[in-house]
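A structural walkthrough
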Amino acid sequence: MSGKISRRNMLLAARSPSIDYGVYDEASDAVPIPPAHAKMHPTACDYCIVGCGYKAYTWPVDETGGSKADENAFHADFPVAAASGQWVSPNMHNIVKKDGKLHHVVVIPDGETAVNRKGNHSVRGGKIGQKPYNPKKPTADRLQSPMVRVNDTLQPISWDDATSIVAELSRYAIDKDGPNAFGMRYYSYQYWENTYAFSKLIYNDIGTAIGAEHDKPTGKNDAVGLDDSGVDGFSTSYADFQKADVIFMSGFDPYENHTILFTEWIAPGGAKIIFVNPRKSPTAVHAERNDGLHLQVQPNTDTVLNNAIQRYILEQGWEDREWIERMTASRDDIEKEKKGSNWRRRTFGQTFEEHKAWLLSDDTYTLENAEKITWVPKEKIIRAAEMLAKPRGKVRPKATVMLEKGNYWSFNYPASASLSSLGLVCGAGSRPGQNMCRAGGHQRGGMKLKGYPLSKSWVQSVHGRKGEPAPMPVNFDEYAMSGKLRVCYILGTTWLDSMNAGQAIRLKLGELTRKHEIYPDSLDKDAIVAALKRRMDAGGMFLVQQDIYPNTLTDFADIVLPAATWGEADFTRAQGERRLRIYSKFCDAPGESKPDWWILAQVAKKMGFEGWDYKDGNDIFEEASNKSKGGNYDFYHVVQEAKKAGKKGHEFLREMSTTGIQLPARIVDGKLVGTLRLHDETFPEAEKETASKIVYQFKTASGKAIFMKGDWNLAKDTFERFRPKGDELWVSNGRINQIWQSMFDDTRIPFVKQRYPSNFLMINPADAKKRGLESGDLVAVENDDVIDQLGNKTRGVVSLVAYLTDEVGEGVTYTYAFYPGQSADLIVPAVTDPVTGVYNYKIGKGRVRKIGETPLKKVEGSMSFIPRTAG
């Protein structure tokens, strides 16, 4: 029996193998059913930190399955329920090439995985079937061959020539001007095989100090104050959230950005939520409707709020003293921290008694002053303290504390350090239901042979302990704009649409590259190399872009290298509870695209470096396992068990399907087991010999957590300098439910572009009335006080569509952070944290004025202006 789900299915089954990619160009209410023999490829969502499990089914285009259980790969009798792991929407189906032949592919949530149980998915993950390349769909603009810019035009060249040009010019620059003539910006999330190769080349082989991850100007971690306290940002297991009585959420919206974490793990547990965010976004509404609390904080004042809450707790004597005495550091413990790389712990680290005395001595954190600074009523500060720490008789509330970018991207160090100390005061950090962690952004795809070489940096913080070095990483953007960088290698990042004062970087980059008077005018490899050497010798730059799609950077690049991505090669990484899975290959990469690790291997070998003869990604995976030993992502035993079974590491992991294994991996009673959480004081004593200390202790020299001083004095002068004045408004930025990151996929998903055809500016109706604005108006947002990376004062401008809503309070607006061509970075100064060097991405402001109307004001079925706080 054929799959009689619709007439379209019957027509599809009758088509010949010559079917083209255009079959599903138009919207469809029907999709084919995978036949019983369809091949299943375990994978996971490519997007947010939650990492929902998916299964990709592939089969030839001239075949289809049936509606009875023995006729389809789901072993189900149709019709089936939507959230079942068996129901396929049109966005889950595509047509791809596999082994050179056309195949159907269905990418469907796995109803049997440990993460998104019952086959649930977010709006972002539910459309991931549209990600694979299809030349009859918007993904047709994938980069497919190496290209070089000759006479200001990008021309295709061979891989051999492309990698030779990159290698020769890189070697030339390093030999002439030293390792720091070479710099790389790279993503930190897109699979271990790739990121291990990045760190191997730039930090181990080349030895440059000019390196930065995709979302920072330096090689620094994210929530540094949390790290310094000894707490790993991803120490928790999702099941732990269901054991909490109250969850303090700072700087993120889990419903919007971590949908399955919220709907399947947090909300069902019934914990009361304290939601800290300048916006009344969906989780704020949920919190208030379920006996929780929304603290609508003034942007960039989280440090004061965190400290005011814990000060009130201390004044009432509600701290978890027994746990604090047992699990936090003494002064002697703090002095054990090494000088140099651990200077922040030695400078800002405090014992509990020191921390208490400091907080109580600073009137900034009194209820009255905190209310003035943060805009949060003191009654709500008191209520938050009661929810977190006030004993109910002899029983303390089980409090979990979480943070994400809204916190640590608004004055990185004091905001994250004050949050970690708030958690320690409440006894959070090492027990089920009493944890401290990041919510997370992307998945944990960073695996390093060698980390950032802090000892090679010449940058020092002025806030170090007297007489001791206080090294900070070099600011990549500042160094590049200074004209000292000869080879600039940008790998998988939208650099020019994501860094503060981005317009200044664009202008300077143009001078150093495309607009430079010296450029190649021949496709001869040697001539290209000679021309670009002359440019570098004249103070110019050689720019390499390696990516899957063209973006703003492509307009400046000298060489463009096409990369393979999700679904096009076997890759591995972990998600937010350190769950390691394989992301299986199920289709061909378009054209000549290659995995990032492969491209770097060709360059490295031609530069004369050894140890790059990898046959496949599994070789890197197995090599990296040795370097993972003892860490939070230790998968050494996964590879060793694979070898015992006579299998490759990738294949062994594939057998674990979409559930994978939580790291660190251990051997207990001869069996491979995972680890539920880190810093776990409930960890069985009998198993401690199977685990590294991070599993049952905090990540400090003593194994005890440290109270880190999150001092508003580190931030207040900058805050006063850049806060809105006169008729200016805060312009905060972040994410929105339907969109992922820089929209590198979403600009090619029709329904997302229909929902958000332009970037928006959420503005309170009262602020809009003063400016004569209505939803759908085109507005200019201008900031005359954008300081660039070299300290120059510039003007930042961006046009957006007005969206009137009480989701934002008066004085505050909100826009999507990374909308291509309309990104928030254009109006945010390049202000960095004085302790970590990380940008303050949330300190945008501007004058808002109407410059016209858009068709969106009248067109139905496009961008909606219905308040998201309703209903």
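Since this is a predicted model, take the numbers as computed values, not measurements.

Counted under the stated rule, the structure contains 80 salt bridges. In this structure, the salt-bridge partner of Lys-176 is Asp-537, at a minimum N-O distance of 3.7 Å. In this pair, Lys-176 is assigned in helix H2 (residues 159-177) and Asp-537 in helix H19 (residues 525-537), connecting sequence segments 361 residues apart. Its relative accessible area of 45% is what places Lys-176 among the partly exposed residues. In this structure Asp-537 comes out as partly exposed when scored by relative accessible area, which is 41%. Residue Glu-404 pairs with Arg-438 through a salt bridge whose shortest N-O separation is 2.9 Å. Of the two residues, Glu-404 sits in the loop between strand S13 (399-403) and helix H15 (405-408) while Arg-438 sits in strand S14 (residues 436-438), which places them 34 residues apart along the sequence. Comparing Glu-404 with Arg-438, the two get one shared label, buried. What you see here is one network of salt bridges that share partners, running through Glu-213, Asp-215, Lys-216, Asp-222, Glu-404, Lys-405, Arg-438 and Lys-448.

With that out of the way, let us pick up the side chain of Asn-134. With respect to the helices and strands, the residue Asn-134 is situated in the loop between strand S4 (101-109) and strand S5 (147-150). Here Asn-94 takes part through its side chain, which lies 2.9 Å from a polar atom of the side chain of Asn-134.

Structurally, the position occupied by Lys-850 is in strand S31 (residues 845-853). What makes Lys-850 partly exposed here is its relative accessible area of 35%. For the pair Lys-850 and Ala-780, spaced 70 residues apart in the sequence, the C-alpha separation amounts to 6.3 Å. When near neighbours in sequence (up to four residues on either side) are disregarded, Lys-850 contacts Gly-772, Leu-773, Asp-777, Leu-778 and Val-779.

A separate point is the packing of aromatic side chains. Using the criterion set out here, one finds 38 aromatic pairs in the structure. Ring geometry for Phe-719 and Trp-730: centres 5.9 Å apart, planes at 35°, overall tilted. With Phe-719 in helix H24 (residues 716-722) and Trp-730 in strand S26 (residues 729-734), this residue pair connects regions lying 11 residues apart in the sequence. Using a relative accessible area of 1% as the deciding quantity, one classes Trp-730 as buried. Grouping aromatic residues by their ring pairs yields a cluster made of Tyr-186, Tyr-187, Tyr-189, Phe-198, Tyr-203 and Tyr-452. Lys-405 extends its terminal NZ or CZ atom over the ring of Trp-409, reaching a point 5.5 Å from the ring centre. In this arrangement the basic side chain of Arg-721 is found over the ring face of Phe-722, its NZ or CZ atom lying 4.4 Å from the centre.

A word on the packing of helix H3 (residues 192-206) against helix H20 (residues 596-606). Two packed helices can be described by the angle between their axes and the distance between those axes. For the pair H3 and H20, interaxial distance at closest approach is 8 Å and the crossing angle is 25°. It follows from the interaxial angle that H3 and H20 lie roughly parallel. Here the hand of the crossing between H3 and H20 comes out left-handed. Each of Glu-193, Asn-194, Ala-197, Phe-198 and Leu-201 in H3 lies in contact with H20, whose residues at this interface are Asp-596, Trp-597, Leu-600 and Ala-604. Taken together, the residues of the contact of H3 with H20 sort by class into six nonpolar, one polar and two charged.

Here we take up the sheet that holds strand S6 (residues 153-156). By definition, the strands of a sheet pair up through backbone hydrogen bonds, in either a parallel or an antiparallel sense. An order of S6-S5-S19-S18-S17-S7-S8 is seen for the seven strands of this open sheet, with the pairing classed as mixed. Both edges of this open sheet fall to S6 and strand S8 (211-213), since each of them pairs with a single strand only. With strand direction ignored, the average angle separating the axes of adjacent strands in the sheet is 20°. Sheet topology note: the S5/S6 ladder contains four bridges and is antiparallel. In the sheet register, Arg-149 faces S6, and the bridge partner there is Leu-154. The sheet contacts of H3 involve strand S7 (182-186), S8 and strand S17 (487-491), and relative to S7 the element is tilted by about 155°. The strands touched by H20 are S7, S17, strand S18 (542-547) and strand S19 (559-562); relative to S17, the strand with the most contacts, the crossing angle is about 160°.

The next thing to look at is the domain arrangement of the protein. What the domain assignment reports for the protein is domain 1 (2-20 + 721-857), domain 2 (39-132) and domain 3 (224-442 + 706-712). Taking only C-alpha atoms into account, the centre of domain 2 sits 39 Å from that of domain 3. Each partner contributes to the interface: domain 2 provides 13 residues, whereas domain 3 provides 16 residues. Interface of domain 2 and domain 3: buried area, both sides summed, is about 1100 Å²; carbon and sulfur atoms make up 54% of it. Together, Ile-49, Val-50 and Arg-117 form the three largest contributors to the area buried by domain 2 at its contact with domain 3, with a combined 52%.

Assignment of secondary structure puts Ile-128 in the loop between S4 and S5. In this view, Ile-128 contacts Cys-45, Asp-46, Tyr-47, Tyr-54, Asn-91, Val-107 and Trp-566; residues no more than four positions away in its chain are not counted.

For the rest of this paragraph, the subject is the environment of Ala-209. With respect to the helices and strands, the residue Ala-209 is situated in the loop between H3 and S8. Counting along the chain gives 251 residues from Ala-209 to Gln-460, while the straight-line C-alpha distance between them is 14 Å. Aside from chain neighbours lying at most four places away, what touches Ala-209 is Asn-180, Tyr-452, Pro-453, Lys-456 and Val-474.

The geometry of helix H8 (residues 302-316) relative to helix H14 (residues 378-389) is characterised by a closest axis approach of 9 Å and an angle of 65° between their N-to-C directions. As H8 packs across H14, the resulting crossing turns out to be right-handed. Along the contact surface, H8 presents Leu-305, Ala-308, Ile-309, Tyr-312 and Ile-313, while H14 presents Ile-381, Ile-382, Ala-384, Ala-385, Leu-388 and Ala-389.

For the rest of this paragraph, the subject is the sheet that holds strand S3 (residues 93-98). Read across the sheet, four strands follow the order S1-S2-S4-S3 without closing on themselves; strand pairing throughout is antiparallel. Single-partner strands in this sheet number two, and they are strand S1 (39-44) and S3. Recorded for the sheet is a direction-independent mean angle of 35° between the axes of neighbouring strands. Note that S3 and S4 share six bridges and pair antiparallel. Paired with His-93 across the two strands is Val-106, which belongs to S4.

Residues Ile-309 and Trp-495 are the most contacted members of the largest nonpolar core, which totals 223 residues. Setting aside its immediate chain neighbours within four residues, Ile-309 contacts Phe-248, Leu-295, Ile-381, Ala-384, Ala-385, Leu-388 and Leu-422. Formed by 14 residues, the second largest nonpolar core is a distinct cluster that contains Leu-729, Leu-761, Val-798 and Leu-800.

The first and last C-alpha atoms of H3 sit 20 Å apart over 15 residues, in line with the 21 Å expected at 1.5 Å per residue. At Lys-200, H3 shows its largest bend, some 30°. Across the 15 residues that make up H3, a large majority, 14, are buried. Gly-207 sits one or two positions beyond H3 and adopts a positive phi of about 80°.

The rules behind the values
Residues numbered from 1 in each chain as written. Predicted model: local features only at pLDDT ≥ 70, side-chain atom pairs only at ≥ 80, totals over all residues. Heavy atoms only, no water. Salt bridge = Lys/Arg side-chain N within 4 Å of Asp/Glu carboxyl O. Helix = DSSP H or I, 4+ residues; strand = E, 2+ residues; numbered from the N terminus. Buried < 20%, exposed > 50% of the residue type's maximum accessible area, 1.4 Å probe, protein only. Polar contact = N/O pair within 3.5 Å; in protein donor to acceptor, adjacent residues only side chain to side chain. Contact = heavy atoms within 4.5 Å. Phe/Tyr/Trp six-rings, centres within 6.5 Å; stacked < 30°, edge-to-face > 60°. Lys NZ or Arg CZ within 6 Å of the ring centre and 35° of its normal. Axes fitted to C-alpha atoms, helices over the stretch in contact; angles between N-to-C directions. Parallel < 35°, antiparallel > 145°, perpendicular 65-115°, else oblique. Left-handed = near helix turned anticlockwise from the far one by under 90°. Nonpolar A, V, L, I, M, F, W, Y, C, P; charged D, E, K, R; others polar. Pairing = 2+ DSSP bridges. Domains from an automatic or database assignment. Buried area = accessible area lost by both parts, 1.4 Å probe. Core = buried A, V, L, I, M, F, W, Y, C linked by side-chain atoms within 4.5 Å. Expected span 1.5 Å × (residues − 1). Bend = angle between axes of the 7 residues up to and from the residue.

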